Amino acid sequence: MSTKTNSNENILEVNELKTSFFTDEMEVKAVDGVTFAIPKGKTVGLVGESGSGKSISSLSTLRLIERPGKIVGGEIKFKGENLLEKSEAQMRKIRGNEISMIFQEPMTSLNPTYTVGQQISEAYKIHENLGKKQAIERSIEMLKLVGIPSPEKRVNQYPHELSGGMRQRVMIAMALACNPELLIADEPTTALDVTIQAQILELIKDLQERLNMSVLLITHDLGVVAETCDYVAVMYCGKIVEFADVNTIFSNPKHPYTVGLLDSLPPHDRDIKDDLPVIRGSVPSPAEMPEGCRFAPRCPFASEVCKTLPTLETDENGNQIRCWIYSDKWDGDPEVKVHAKNTERTS
Amino acid sequence: MQKTQKELLKVDNLKQYFPIKGGFFGRTVNHVKAVDDVSFTVHEGETLSIVGESGCGKSTTGRAILRLDEPTSGEIEFDGKNLLEFSKKEMRQNRKNMQVIFQDPYASINPRQTVRQILNEAMEIQNIGTKEERNDRIIELMETVGLGAHQADRFPHEFSGGQRQRIGIARALSVNPQLIVCDEAVSALDVSIQAQVINLLKKLQRDFDLTYLFISHDLGVVRHISDRVIVMYLGKIVEIADKKSLFTNAQHPYTKSLLSAIPSTNTEGKKERIILKGDVPSPIDPPTGCRFHTRCPFATEKCAKEVPTLRSEDYMEEGHMAACHYIEEIKSGEHQPTR
């Protein structure tokens with residue numbers, strides 16, 4: 001269960017990562033001191049609502065942040081080496097080869113003017129110095145692996161000739177072309193229908209086992225997280241508020257925000273008679289970011305101590321929590337019990 | 001939940017074909033059969049949901065009912081009047097009885113108008129009240145949907161996504177409609193905000209006796225908000241039932257696979273998942289017979305030839321119907337998957 005201790009077991013360790021966007025008036029801290037690790041061969045889910053900084057965290061990992069954004073601090077250790085100290089040329093060797101990425105919208109991330117085969121074989125030509133013919137052959141193998149029917153025909157088609165699910169499979173084929181050790185999937189199924197989503201998630205899981213790949217899955221869909229991840233990091237306003245193994249997150253969530261998220265999701269497998277429990281208010285804008293705990297203005301338990309920022313504390317199981325309720329400094333209701341209504345699975 | 005059995009909206013044999021132009025002189029070479037022979041009724045005060053995947057025709061059905069697109073054929077009766085016989089002017093007058101809330105509130109409200117102007121325009125067109133009365137009503141509406149009266153003179157960009165959706169709801173409410181078509185009305189919102197808007201919609205329904213036609217792909221939301229549910233696939237209704245029957249006793253193989261495909265947050269006790277092969281076929285040239293037969297695990301030759309009609313079996317609840325040749329045989333286990 002301990003994910004933080006032995007660095008040999010972790011393929012990726014992100015420490016105190018800070019990424020900011022600079023406007024004329026202010027610095028927007030999109031990622032504000034994020035720390036997490038991905039154990040080898042495991043899937044870590046990064047969840048949060050829009051604006052929580054989950055996508056910026058993943059883009060920062062591959063150093064894909066463009067102006068006016070900048071990584072302003074922290075370290076990103078991939079197999080023990082800090083990626084922030086690498087040159088751009090070294091990074092290019094890593095991207096698509098050792099670490100790959102899948103994006104949400106396959107239509108905008110595939111080039112419409114090249115065939116599927118040309119786009120997949122690019123990875124082989126650059127990273128493995130293969131010739132054109134060999135590269136296309138390998139591309140066909142890849143398409144077969146991701147379950148595209150008649151790959152010999154598909155390899156010569158353009159993205160617009162494929163359906164959404166097929167395009168996402170092509171993206172996956174492209175990302176997996178060079179057997180990456182780490183796959184970063186940013187909302188890989190959000191644009192897809194549920195029956196297609198089920199296919200794609202099954203595929204990623206299956207390939208992960210076969211290739212012993214580690215996966216960082218970024219999503220807002222808690223159902224997807226529950227079904228695919230080993231560990232979950234919950235982000236809110238640029239910070240990780242809770243990190244735990246998937247069973248703990250869903251059966252015994254601790255942070256009031258995690259609990260609020262789980263509760264506000266209408267379940268499809270049972271009925272709720274009353275109103276859905278809600279998190280009051282909305283995510284604060286960067287200009288109005290609270291000084292202390294970012295969640296305090298929306299938190300039903302907020303107390304005086306919440307006006308200062310809690311730190312991310314690790315418990316004996318390796319799970320982490322950023323909340324004053326679980327510290328000896330807690331000055332609110334000593335009897336307070338944070339638990340999700342959703343976990344009362346009586347029906 | 002059904003307070004009355006009065007039929008507010010009756011849709012009969014609705015067809016919506018969109019022509020595909022091509023060839024010489026832009027002739028119509030084919031049709032996209034977006035909605036193909038769909039019939040159902042909506043009772044006063046209930047929430048009827050239409051679910052299905054992209055391209056199943058759920059939004060097109062909603063748009064056709066409001067005559068935002070002119071239906072190809074069929075009949076739509078609203079409160080006893082045949083909508084398709086209305087002139088444009090009569091239709092516009094009738095729109096005060098039937099309103100719509102769209103998915104993306106930013107795309108569906110004018111960014112250059114203040115909230116006050118947006119709400120006023122809707123009422124002005126329908127000749128509701130004097131200017132003063134409308135102003136009072138605007139303040140009342142803003143409070144009804146959970147916005148502050150002081151925000152009335154702000155522009156849409158000054159609001160968050162959830163607040164903008166509240167503006168869309170206020171606009172729909174402003175003319176006192178009987179029916180509101182909610183087309184993916186909460187789909188673009190983050191879960192914490194989505195829950196707030198769902199609760200608001202339910203409250204408004206109780207307070208103003210509204211009838212909802214709720215179009216969504218999110219089965220969790222649908223289960224929470226609906227009284228009855230329609231499942232569509234490739235332009236056809238495959239199953240219609242009371243919410244409870246549909247979620248606990250689905251009969252059509254497509255409904256079953258759709259329900260099993262939703263990722264569940266319940267990490268204990270993983271459920272059996274039916275993973276469908278392949279993609280949804282094109283609605284330009286839909287499969288013969290049962291449109292689901294190309295992906296259905298139970299498909300036979302009969303399914304490829306004969307179009308199944310919506311029907312009920314003795315053991316099914318009243319009003320529960322499914323369009324499948326083998327409902328009973330699959331249930332009894334007599335008919336096993338063919339692939």
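That block above? That's the structure.
Residues numbered from 1 in each chain as written. Chains lettered and ligands numbered in written order. Predicted model: local features only at pLDDT ≥ 70, side-chain atom pairs only at ≥ 80, totals over all residues. Heavy atoms only, no water.

Caption draft 1: Spotlight on the overall build of chain A. What chain A contains, in helices and strands, is 11 helices and 12 strands. Expected size for 347 residues packed as a compact globule is a radius of gyration near 20 Å; at 21 Å, chain A falls within 12% of this value. When the backbone C-alpha atoms are referred to their principal axes, chain A occupies close to 70 × 50 × 40 Å. Looking at the 347 residues of chain A, the share that counts as buried comes to 53%. Summarising the internal contacts of chain A: among those between residues at least 6 apart in sequence, 65% fall at separations of at least 24. Here chain A holds 39 positive side-chain charges and 49 negative ones, and the gap between their average locations is 5 Å. (Helix = DSSP H or I, 4+ residues; strand = E, 2+ residues; numbered from the N terminus. Rg over C-alpha atoms; globule rule 2.2 N^0.38 Å. Buried < 20%, exposed > 50% of the residue type's maximum accessible area, 1.4 Å probe, protein only. Contact = heavy atoms within 4.5 Å. Lys, Arg positive; Asp, Glu negative; His and termini not counted. Charge placed at Lys NZ, Arg CZ, Asp CG, Glu CD.)

Caption draft 2: Spatial organisation of the overall build of chain B. Within chain B one finds 12 helices and 11 strands. For 339 residues, the compact-globule estimate of 2.2 N^0.38 gives 20 Å, and the C-alpha radius of gyration of chain B, at 21 Å, lies within 12% of that figure. Based on the C-alpha atoms only, the size of chain B along its principal axes is roughly 70 × 60 × 40 Å. Every one of the 339 residues in chain B was classed for burial, and the buried ones make up 54%. Of the contacts formed within chain B by residues at least 6 apart in sequence, a portion of 63% connects residues at least 24 apart. Summed over all atoms, the accessible surface of chain B reaches about 15100 Å², with 48% contributed by carbon and sulfur. Across chain B, the 45 positively charged side chains and the 46 negatively charged ones have centroids separated by 4 Å. (Areas by Shrake-Rupley, 256 points an atom, 1.4 Å probe, with all protein chains shown as cover.)

Caption draft 3: Layout of the environment of B:Gln163. Among the structural elements, B:Gln163 can be located in helix H6 (residues 161-173). Spatially, the C-alpha atoms of B:Gln163 and B:Cys296 are 42 Å apart, while their sequence positions differ by 133 residues.

Caption draft 4: Looking closely at the packing of helix H7 (residues 164-176) of chain A against helix H8 (residues 194-211) of chain A. Residue and element names in this part refer to chain A. The contact between H7 and H8 brings their axes to 10 Å, and the two run at 15°. One way to sum up the angle between H7 and H8 is to call them roughly parallel. Note on packing geometry: the crossing formed by H7 with H8 is right-handed. Only Ile196, Gln199, Ile200, Leu203, Ile204, Leu207 and Leu211 of H8 make contact with H7, whose side of the interface consists of Gly165, Gln168, Arg169, Ile172 and Leu176. Residues of the contact of H7 with H8, tallied by class, amount to eight nonpolar, three polar and one charged. (Axes fitted to C-alpha atoms, helices over the stretch in contact; angles between N-to-C directions. Parallel < 35°, antiparallel > 145°, perpendicular 65-115°, else oblique. Left-handed = near helix turned anticlockwise from the far one by under 90°. Nonpolar A, V, L, I, M, F, W, Y, C, P; charged D, E, K, R; others polar.)

Caption draft 5: Layout of the pairing of strand E10 (residues 239-245) of chain A. Residues and elements named next belong to chain A. Of all seven residues in E10, seven are buried, a share of seventy percent or more. Note that strand E9 (residues 231-236) and E10 share six bridges and pair antiparallel. Bridging across to E10, Val232 finds its partner in Ala244. Between E9 and E10, which follow one another and run antiparallel, lie two residues, and Cys237 among them has a positive phi close to 50°. Relative to strand E12 (residues 320-321), E10 runs antiparallel, the two sharing two bridges. Bridged to Phe243 within E12 is Gln320. (Pairing = 2+ DSSP bridges.)

Caption draft 6: Region of the structure containing the pattern of salt bridges. Residue and element names in this part refer to chain B. Going through the model one piece at a time under the given rule, you end up with 27 salt bridges over all chains. One salt bridge in this structure joins Glu46 and Arg228, with 2.8 Å as the shortest N-O distance. Here Glu46, found in the loop between strand E2 (27-43) and strand E3 (47-51), pairs with Arg228, found in strand E9 (residues 228-233); they are 182 residues apart in sequence, far enough to count as distant. A residue is classified by how much of its surface remains accessible, and Arg228, at 12% relative accessible area, is buried. (Salt bridge = Lys/Arg side-chain N within 4 Å of Asp/Glu carboxyl O.)

Caption draft 7: Inspection of the interface of chain B and chain A at higher detail. The interface of chain B with chain A comprises 38 residues on the first partner and 42 residues on the second. For the pair chain B and chain A, the summed buried surface comes to about 3600 Å²; carbon and sulfur atoms form 52% of the total. B:Arg223 is the salt-bridge partner of A:Asp271, the closest N and O atoms lying 2.8 Å from each other. For the pair chain B and chain A, the number of links is 14 residue pairs in polar contact (both at pLDDT 80 or more). Breaking the side of chain B that touches chain A down by element, the ones donating at least two residues are helix H7 (191-208), helix H8 (219-225), helix H9 (243-248) and helix H10 (253-261) of chain B. Here the side of chain B that touches chain A takes nine residues from H7(B), the largest share from any one element. Each residue belonging to the side of chain B that touches chain A can be placed in one class, and the counts come to 14 nonpolar, 12 polar and 12 charged. (Buried area = accessible area lost by both parts, 1.4 Å probe. Polar contact = N/O pair within 3.5 Å; in protein donor to acceptor, adjacent residues only side chain to side chain.)

Caption draft 8: Region of interest: the packing of helix H4 (residues 115-125) of chain B against H6(B). Residue and element names in this part refer to chain B. Relative orientation of the contacting elements H4 and H6 amounts to 25°, with a least axis distance of 8 Å. Judged by the inter-axis angle, H4 sits roughly parallel to H6. The crossing of H4 and H6 is right-handed. Facing Val115, Ile118, Leu119 and Ala122 of H4, the residues of H6 in contact are Ile167, Ala170 and Arg171. Residue composition of the contact of H4 with H6, by class: six nonpolar, no polar and one charged.

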